[in-house]
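# Chain and residue survey
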Amino acid sequence: MHEEPTYTTFAFKGQVGESIIKKINHISKCDIYPEVASRLHQRIVEDGENSWLSIQDGKYRYVVEYSPHVRVRIVIGEILLGEIGWDN
C-alpha cells in the first residue's frame, strides 16, 4: 500500500472476548479477485479461496482481506492479535 493505514489496532488475546477472537479468525468471502499477479491473487487461484498464511506454525500467521477495503490481520504466538486497515 502506498498510503498510510487508516487504522492500526493490537490487543492481547486475554484482553478481548470470544466474539472478537471469532471475528479476527473469520475470513470474509469476496465476489471479486484482488489485483492480478499479486501474491494474494496467486494464492486464491491456486487454493480456490483466501486463507491464513502460516509463516511459522503457532508463531506467526496473517491474512489479507481486500473487499471492500484492504485489511491485514496478524496473529503472533496465538497471543497477540492485530489488524491494519486502509479504508480508501
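First, a word on scope: everything that follows refers to the structure included in this document.

What counts and what doesn't
Residues numbered from 1 in each chain as written. Predicted model: local features only at pLDDT ≥ 70, side-chain atom pairs only at ≥ 80, totals over all residues. Heavy atoms only, no water. Buried < 20%, exposed > 50% of the residue type's maximum accessible area, 1.4 Å probe, protein only. Helix = DSSP H or I, 4+ residues; strand = E, 2+ residues; numbered from the N terminus. Arc of directions from axis to C-beta. Contact = heavy atoms within 4.5 Å. Polar contact = N/O pair within 3.5 Å; in protein donor to acceptor, adjacent residues only side chain to side chain. Core = buried A, V, L, I, M, F, W, Y, C linked by side-chain atoms within 4.5 Å. Pairing = 2+ DSSP bridges. Phe/Tyr/Trp six-rings, centres within 6.5 Å; stacked < 30°, edge-to-face > 60°. Lys NZ or Arg CZ within 6 Å of the ring centre and 35° of its normal. Salt bridge = Lys/Arg side-chain N within 4 Å of Asp/Glu carboxyl O.

### Quick look at helix 2 (residues 39–47)
Within helix 2 the residues assigned to the buried category are Leu-40, His-41, Arg-43 and Ile-44. Projected onto a plane normal to the axis of helix 2, the buried residues spread over an arc of 165° and lie on a single side. Among the exposed residues of helix 2, those oriented more than 90 degrees off its buried face are Arg-39, Val-45 and Glu-46. Those residues of helix 2 that are buried are in contact with strand 2 (53–56) and strand 3 (60–65). Sitting at the amino-terminal end of helix 2 is Ser-38, which places a side-chain oxygen 3.1 Å from the backbone nitrogen of His-41. Two residues or fewer past helix 2, Gly-48 is found with a positive phi of approximately 85°.

### A word on the nonpolar core
Grouped together as the largest cluster of nonpolar side chains are seven residues: Ile-21, Ile-24, Ile-27, Trp-52, Val-63, Val-75 and Leu-81. When neighbours within four sequence positions are excluded, Trp-52 is seen to be in contact with Ile-24, Asn-25, Ile-27, Arg-61, Tyr-62, Val-63, Arg-73 and Val-75.

### As for the pairing of strand 2
When strand 2 meets strand 3, the two strands line up antiparallel, connected through three bridges. Bridge pairing in strand 3 places Ser-54 opposite Arg-61. Hairpin connection, strand 2 to strand 3: the antiparallel pair is bridged by three residues, and Gly-58 has positive phi, about 75°.

### Points about the packing of aromatic side chains
As enumerated under the stated definition, the model contains one aromatic pair in all. Aromatic pair Tyr-60 and Tyr-62: ring centres 6.3 Å apart, planes at 35°, arrangement tilted. The aromatic ring of Trp-52 is capped on one face by Arg-61, whose charged end is 4.2 Å from the ring centroid.

### Focus: unusual backbone geometry
In this structure, Glu-78 is a non-glycine residue whose phi angle is positive, near 55°. The exposure class of Glu-78 is partly exposed, given its relative accessible area of 31%.

### Notes on the pattern of salt bridges
Here the structure, examined in full by the defined rule, presents four salt bridges. Residue Arg-61 pairs with Glu-78 through a salt bridge whose shortest N-O separation is 2.8 Å. Here Arg-61, found in strand 3, pairs with Glu-78, found in the loop between strand 4 (70–76) and strand 5 (80–86); they are 17 residues apart in sequence, far enough to count as distant. Using a relative accessible area of 16% as the deciding quantity, one classes Arg-61 as buried. Residues Glu-83 and Arg-73 are paired through a salt bridge, measuring 2.8 Å at the closest nitrogen-oxygen approach.

Everything listed here is a matter of geometry and, on its own, says nothing about what the molecule does.
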